[in-house]
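# Chain and residue survey
Here is how the chains run, residue by residue.
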Amino acid sequence: MKVTVDRSKCTALGVCEAMAPNVFEVSEEGELVLLTETPGDDVIEEVRAAVEGCPTEALRLVAE
Ligand code: SF4
């Protein structure tokens, strides 16, 4: 699975970082950084929760 972010929707508040800190990071400049685009099985449930929890629906999990 691949995670994508629609930067036109992301407000960089960091809900996703709180839910999956190994995959998402909000930089000091206030920009969301994807630490990996292809999260492994060990964190995929966290990523699903982040996708569900993103308040602006900016995140997607798509099949590669
Ligand atoms: S939760 Fe959504 S809006 Fe917030 S930083 Fe993550 S992708 Fe951006």
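Residues numbered from 1 in each chain as written. Predicted model: local features only at pLDDT ≥ 70, side-chain atom pairs only at ≥ 80, totals over all residues. Heavy atoms only, no water.

Looking up the chain in an unreviewed UniProt entry gives the name Ferredoxin, with the organism given as Saccharopolyspora oryzae. Recorded in UniProt under Cofactor (unreviewed entry), the annotation for the chain is "[3Fe-4S] cluster". Entered under Function (unreviewed entry) in the UniProt record, the comment concerning the chain runs "Ferredoxins are iron-sulfur proteins that transfer electrons in a wide variety of metabolic reactions." (UniProt positions renumbered as here; feature names shortened; annotations may be inferred.)

Only one face of strand S4 (residues 59-62) is buried, namely the one carrying Leu59 and Leu61, since none of Arg60 and Val62 on the opposite face is buried. Sheet topology note: the strand S1 (residues 2-5)/S4 ladder contains 4 bridges and is antiparallel. Bridging across to S4, threonine 4 finds its partner in arginine 60. (Buried < 20%, exposed > 50% of the residue type's maximum accessible area, 1.4 Å probe, protein only. Helix = DSSP H or I, 4+ residues; strand = E, 2+ residues; numbered from the N terminus. Pairing = 2+ DSSP bridges.)

As a further point, take the pattern of salt bridges. Pairing is possible between side chains that carry opposite charge, provided their charged atoms lie close to one another. Inspection of the entire model under this criterion finds 2 salt bridges. Among the ionic pairs, arginine 48 bridges to glutamate 45, the shortest N-O distance being 3.5 Å. Taken as a pair, arginine 48 and glutamate 45 lie in helix H2 (residues 44-53) at a separation of 3 residues, close to a single helical turn. (Salt bridge = Lys/Arg side-chain N within 4 Å of Asp/Glu carboxyl O.)

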